[in-house]
Amino acid sequence: MPTDLPYAADAEVSLSYDELEVLRLQYQKELAQSHVTVQTTFNYGWGLVKSPIRTHQVEGVRLLQEIFRTEPTRRRECLYYLALGHYKMGNFEEARRFNDLLLQKEPTNLQAQSLASLIEKAVAREGYVGMALAGGVAALGTLLVAGLIRRATRK
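Residues numbered from 1 in each chain as written. Predicted model: local features only at pLDDT ≥ 70, side-chain atom pairs only at ≥ 80, totals over all residues. Heavy atoms only, no water.

*Asks:* Help me out: how do you make sense of the nonpolar core in this one?
*Replies:* Nonpolar side chains tend to gather and get buried jointly when the protein is soluble and globular. Leu64, Leu84, Tyr87 and Leu115 are the most contacted members of the largest nonpolar core, which has 26 residues in total. When contributions to this core are tallied by element, the ones reaching two or more residues are helix H2 (38-50), helix H3 (54-70), helix H4 (75-89), helix H5 (92-105) and helix H6 (110-154). With nine residues, the single largest contributor to this core is H4. In contact with Leu115, not counting residues within four places along its chain, are Tyr80, Ala83, Leu84, Tyr87 and Asn99. Counting seven residues, the second-largest nonpolar core is a separate cluster that includes Leu20, Tyr27, Tyr44 and Leu48. (Core = buried A, V, L, I, M, F, W, Y, C linked by side-chain atoms within 4.5 Å. Buried < 20%, exposed > 50% of the residue type's maximum accessible area, 1.4 Å probe, protein only. Helix = DSSP H or I, 4+ residues; strand = E, 2+ residues; numbered from the N terminus. Contact = heavy atoms within 4.5 Å.)

Encoded structure:
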């Protein structure tokens, strides 16, 4: 999903396996010690959201949402990556919601502006696919009804 928008690089760039593994091991180490810092949780969630693997993205969003809910001072920091995670998972309305919250706080944030553009393009693309599917279903229904009518008139 290449883009000509320079600030939306996070939508396409993921960490290497080794980089993500470092974050995972730190998170697991702190979890085993029953004290995971907010920064470690954020770092691991950030890395997971950037992953191309959907299960990683889901877990990353879950971790970031937990920070968003429990750490008011870190909410702004989470907004972009929550929007990005939802965008990558195809949850465009949620992505738009989080991104709009960030743009309300920082209207000149170039990352959020470019992500908003990507979200809008994806929503439009999804709408075109939906219209094509609906058109196909309608055409198929018309053919079925025509076939039934033809069969009924032959008898």
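After that view of the structure, there is still more to cover.
*Asks:* Explain the pattern of salt bridges to me, please; I cannot follow it from the model alone.
*Replies:* Between side chains of opposite charge, a pair can form as their charged atoms come close. The tally for this structure, following the rule as stated, stands at eight salt bridges. One salt bridge in this structure joins Arg69 and Glu66, with 2.7 Å as the shortest N-O distance. Of the two residues, Arg69 and Glu66 are both situated in helix H3; the distance of three residues between them amounts to about one turn of the helix. The structure contains a network of salt bridges with shared partners spanning Glu93, Arg96 and Glu120. (Salt bridge = Lys/Arg side-chain N within 4 Å of Asp/Glu carboxyl O.)

*Asks:* Where do I start with the packing of aromatic side chains in this structure?
*Replies:* A ring pair, where both rings are aromatic, is described by two values, the distance of the centres and the angle of the planes. Scanning all chains against the criterion turns up five aromatic pairs. Each residue in the set Phe42, Tyr80 and Tyr81 is aromatic and connected to the rest through ring pairs, giving one cluster. Positioned above the aromatic ring of Phe68 is the side chain of Arg75, whose terminal nitrogen or guanidinium carbon lies 5.5 Å from the ring centre. A cation sits over an aromatic face here: Arg97 above Phe98, 4.6 Å from the ring centre. (Phe/Tyr/Trp six-rings, centres within 6.5 Å; stacked < 30°, edge-to-face > 60°. Lys NZ or Arg CZ within 6 Å of the ring centre and 35° of its normal.)

Geometric descriptors of this kind do not, in isolation, establish any biological role.
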